[in-house]
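Notes for the structure review
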Amino acid sequence: MQNLTEKQLTALNPKFEAQKIAFSPIVFQTVISLRELGILDYLFDNFSEATIEDICDHLKLSDYGVRVLLEMAECADIIEYINKDRVKLTKVGFFILNDELTRVNLNFVNDVCYHGAKSLTECIKTGKPEGLKVLGNWKTVYEGLSQLPEKIKTSWFEFDHYYSDDAFPTALKIVFNENPKYIFDIGGNTGKWSFACCDFDKNVNVKILDLPGQLNIARENAKNRGLLNRVDFHQIDLLDEFQKIPKGADAIWMSQFLDCFSPEEIIKILKNVKQAASDTTNIYIMEPFFDNQRFPAAKYSLTATSLYFTTIANGNSKMYSCNKMKELVSKSGLEVVEVFPLIGDSYHTILKCRKTQ
Ligand SMILES: C[S@@+](CC[C@H](N)C(=O)[O-])C[C@H]1O[C@@H](n2cnc3c(N)ncnc32)[C@H](O)[C@@H]1O
């Protein structure tokens, strides 16, 4: 070290950072293996430390297998060595095992995104989600969601719900402040928001609008909750401009929905929303905008999620900034009348909109 020039020294950190990137898929799979083989759990259950021999005996793994994983894990700051035969979980290791954001993101990347990510360059060239071919023969992931293998489907839904669930309690108060009697939940998915509305106000009715696969799941869920008398269903493909959103809503709700589309598509969808809205219909757009987050981890996760849209979802959508969404709202003949930034403990902002007079 002493013989290195200052220039060489300043190159060391960037060079090290570049190697972390070069090997990041390997580190990622190391984490998945440590978890799947039960090594992280074993360490956690033993007050975060154990000998390599104990790990091998307890989990019936080879000394070779455990050592290659742990040596990589040490470089990635997931474990540390107390001595050459005894290791300890670090704070990063603890988070990988116990933090919900990390768990949901890891599963989503591993089960939904990982294989398809290799096609990113091709996706950028074609504007198509070439990586989706790994999962099935659909134009967008939304067409295939309900048919995905169980494990992949679970990871997709857990990822989707993780981000929106925490926003719902505060969002309900915002929406019901205006006492709506009929809410349209566009892109209502499995019905979580619609059912939360029904629980919140015994007098409200809800219409879920979505693609057929998701609508079937939502209908089944509504049936199981005894809500078929208050929730109705409208099959629609909002990429088809000839399919119009029906009129009659007091409130139109779109949660984590518009990020599934390109800016041009968003304008067309919002114009469709406009033709369905009356002068008094409140239109709510709830999104996790990447430029409006409390923590760098959230901004990082959301920005990376855009590449999932590129490779797997549809090839042309992304997570948006708040200003970009406001610009698209106004280009559609709507106006933002109120902004509720970062509601509750969530990542979400609500834009309350009306038809421009
Ligand atoms: C990311 S999910 C959001 C689900 C839910 N609103 C939430 O906040 O968790 C997007 C939803 O939009 C629906 N969707 C995607 N493309 C659509 C289209 N072209 N027409 C109608 N719905 C669509 C999907 O089926 C899915 O249920």
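Residues numbered from 1 in each chain as written. Predicted model: local features only at pLDDT ≥ 70, side-chain atom pairs only at ≥ 80, totals over all residues.

**Remarks on helix H12 (residues 192–200)**
Note the cut-off: Each residue is classed by its C-beta neighbour count within 10 Å, where at least 20 other C-beta atoms makes it buried, 12 or fewer makes it exposed, and intermediate counts make it partly exposed; the C-beta atoms are placed from backbone geometry. Under the scheme used here, helices are H or I runs from DSSP no shorter than 4 residues and strands are E runs no shorter than 2 residues, and both carry numbers assigned from the N terminus. In this description, any two residues whose backbone-derived C-beta atoms lie within 7 Å of each other are considered to be in contact.
Inspection of H12 places Trp193, Ser194, Phe195, Cys197 and Cys198 among the buried residues, and these make up the whole buried set. Considering only its buried residues, H12 is in contact with helix H11 (168–176), strand S4 (182–186), strand S5 (205–210), strand S6 (231–235) and strand S7 (251–255).

**Describing the packing of helix H14 (residues 263–276) against helix H16 (residues 322–331)**
This is how it is decided: For helices, the fitted axis covers only the stretch in contact; all axes are lines through C-alpha atoms, and the angles between them, taken along N-to-C directions, range from 0 to 180 degrees. Convention used here: angles under 35 degrees read as roughly parallel, angles over 145 as roughly antiparallel, angles from 65 to 115 as roughly perpendicular, and any remaining angle as oblique. Whether a crossing is left-handed or right-handed is set by the direction in which the near helix is turned from the far one by less than a right angle, anticlockwise for left-handed and clockwise for right-handed.
At their nearest, the axes of H14 and H16 sit 9 Å apart, and the two run at 45° to each other. Judged by the inter-axis angle, H14 sits oblique to H16. For the pair H14 and H16, the crossing hand works out as right-handed. On H16, the residues that touch Pro263, Ile266, Ile267 and Leu270 of H14 are Leu328, Val329 and Lys331.

**Thoughts on the sheet that holds strand S10 (residues 349–355)**
Sheets are built from strands paired through backbone hydrogen bonds, the pairs being either parallel or antiparallel. Put simply, the rule reads: Strands pair, by our definition, only if DSSP identifies at least two bridges between them.
Across the sheet, 7 strands lie side by side as S6-S5-S4-S7-S8-S10-S9; this open sheet has mixed pairing. At either end of the open sheet lies a strand with only one pairing partner, and these are S6 and strand S9 (334–340). Across this sheet, the average inter-strand angle for adjacent strands is 25°, counted without regard to direction. Note: S5 against S6, 5 bridges, orientation parallel. Along S6, the bridge assignment pairs Leu209 with His234.

**A short note on the domain arrangement of the chain**
Keep this limit in mind: Marked domain ranges trace back to an automatic or database domain assignment.
Considered domain by domain, the chain is made up of domain 1 (6–97) and domain 2 (144–149 + 157–355). Between the C-alpha centres of domain 1 and domain 2 the distance comes to 40 Å.

**Let's talk about the nonpolar core**
For clarity, the threshold we go by: What makes a nonpolar core is a set of buried Ala, Val, Leu, Ile, Met, Phe, Trp, Tyr and Cys residues, with links drawn between C-beta atoms within 7 Å.
The biggest cluster of nonpolar side chains holds 67 residues, and the ones touching the most others in it are Ile183, Ile252, Trp253, Met254, Leu258, Tyr284 and Ile285. It is helix H15 (residues 296–313) that contributes the most residues to this core, 5 residues altogether. Not counting the four nearest positions on each side in its chain, Tyr284 is found in contact with Val175, Ala251, Trp253, Met254, Ile350 and Lys352.

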